[in-house]
Amino acid sequence: MLRFSGVNVLLTGAASGIGRATALRLAGEGAAVFGVDRDPTGLDEVVRSAAGMPGRIVTGLADITDEADVVRTVDAAADQLGGIDVLVNVAGTHRTTPIETLSVEDLRFVYEVNLIGTALFCREALRHLPDHAGVIVNVASTAATQGNPYMTAYAASKGAVLGFSLSLAAELAGRGIRVVPVSPGQVATPLTAASVPEGLDMRYYGRIVSPMGAAEPDQLAGAIAFAASRDASYMTGAELRVDGGSRI
Ligand SMILES: NC(=O)c1ccc[n+]([C@@H]2O[C@H](COP(=O)([O-])OP(=O)(O)OC[C@H]3O[C@@H](n4cnc5c(N)ncnc54)[C@H](O)[C@@H]3O)[C@@H](O)[C@H]2O)c1
């Protein structure tokens, strides 16, 4: 029996990195996945990669910061899958922001994608998630609770995702809908491949690298799949850190 047979999953950020790996992991375990992203090429690739798997992946193009787009996308997902059991918010963005040059636009940009996009998907998906079975997994970051230089805007937005998720878990406990924030440490994806601008003091930058080095996206996919599965049925409102021992 596959762990996600008969389970419908709406997942953002499906075109790349952790989201792509998670969509493939869930389809490999039998899920029907509606993958959302703003990158059509990446979405085509993930659909091709899922060929022959026990589950399936269909996709929808959307900008998660656009409220009308989110409402339309969630309804399209529920329609095409025949309901939504699990929401996984993976889409996110990062900017290196030394405090001297931090702009209002930097702050708005990372908040719009990381917090507002996640919050909108939660609100809209909750029109469809079943009581006593629905699950929301939101990807936060260890940056939410651990100081990293040049990440003030990003860290604040991920702190917001973490706080949002813990409060949502409390609000939904009566409905029996679980909410699990998952916080990765450093993961080898296009997000982290961008070079750090020259001239920055890198003395404290090393703390984002864990004793186990950077994770592969599939190592996060396994943890997200666990949090979304019945194996985690007693887990809600607790941060799941997947960080290779960053606090050792
Ligand atoms: N890579 C890491 O080290 C790391 C560490 C901690 C947390 N995270 C978080 O994990 C999540 C996935 O990151 P990743 O490393 O796989 O990055 P990635 O860049 O490989 O993937 C992010 C995906 O989100 C999509 N996206 C971004 N903005 C969007 C928008 N407005 N509308 C629709 N889609 C949008 C991108 O197109 C991309 O496909 C993010 O939330 C990120 O903050 C990553």
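Note that the coordinates shown come from a computational prediction; the quantities given were computed from them, not determined experimentally.

About the cut-offs
- Residues numbered from 1 in each chain as written.
- Predicted model: local features only at pLDDT ≥ 70, side-chain atom pairs only at ≥ 80, totals over all residues.
- Heavy atoms only, no water.
- Helix = DSSP H or I, 4+ residues; strand = E, 2+ residues; numbered from the N terminus.
- Polar contact = N/O pair within 3.5 Å; in protein donor to acceptor, adjacent residues only side chain to side chain.
- Contact = heavy atoms within 4.5 Å.
- Expected span 1.5 Å × (residues − 1).
- Buried < 20%, exposed > 50% of the residue type's maximum accessible area, 1.4 Å probe, protein only.
- Near = heavy atom within 4 Å.
- Nonpolar A, V, L, I, M, F, W, Y, C, P; charged D, E, K, R; others polar.

A.B. asks: Now, about the side chain of Ser 210: what can you tell me, with residues and values included?
C.D. replies: Positionally, Ser 210 belongs in the loop between α6 (190–193) and α7 (217–228). Of note is the side chain of Ser 210, whose polar atom sits 3.4 Å from the backbone oxygen of Asp 243. Discounting chain neighbours no more than four positions away, the residues touching Ser 210 are Asp 243, Gly 244, Gly 245 and Ser 246.

A.B. asks: Could you give an account of helix α1 (residues 17–28), with specific residues and numbers?
C.D. replies: In an α-helix, one full turn covers 3.6 residues, which means residues spaced three or four apart are oriented alike. Helix length check: α1, at 12 residues, gives a terminal C-alpha distance of 17 Å against a target of 16 Å (1.5 Å per residue), a fit within 8%. Most of α1 sits out of view: nine of its 12 residues are buried. The complete set of buried residues in α1 reads Gly 17, Ile 18, Gly 19, Ala 21, Thr 22, Ala 23, Leu 24, Leu 26 and Ala 27. Where the residues of α1 are buried, they touch β1 (8–12), β2 (32–37), α2 (40–49), β3 (56–61), β6 (178–184) and α7.

A.B. asks: Just give me the short version of the site of the ligand, but keep the residues and values in it.
C.D. replies: If you check the shell around the ligand, you find 28 residues, and the closest are Ser 16, Asp 37, Tyr 154, Val 187 and Thr 189. In the environment of the ligand, an oxygen atom lies 2.6 Å from a nitrogen or oxygen atom belonging to the side chain of Ser 16. Note that an oxygen atom of the ligand is positioned 2.8 Å from one of the side-chain N or O atoms of Lys 158. Counting only elements with at least two residues in the shell around the ligand, the list comes to α1, α5 (152–172) and α6. In terms of residue count, α6 provides more of the shell around the ligand than any other element does, three residues in total. A class-by-class count of the residues in the shell around the ligand yields 14 nonpolar, 10 polar and four charged.

A.B. asks: Help me get a handle on unusual backbone geometry, residues and values and all.
C.D. replies: For His 132, which is not glycine, the phi torsion reads 60 degrees and is therefore positive. Topologically, His 132 is positioned in the loop between α4 (104–125) and β5 (135–139). Of note in the backbone geometry, Tyr 150 takes a positive phi value of approximately 70 degrees without being a glycine. Inspection of the secondary structure puts Tyr 150 in the loop between β5 and α5.

A.B. asks: How would you explain the side chain of Ser 157 if you had to name every residue and give the values?
C.D. replies: Note on placement: Ser 157 falls in helix α5. We classify Ser 157 as buried; its relative accessible area is 0%. Here Ser 157 is in contact with Val 110, Tyr 111 and Asn 114, once residues within four sequence places are set aside.

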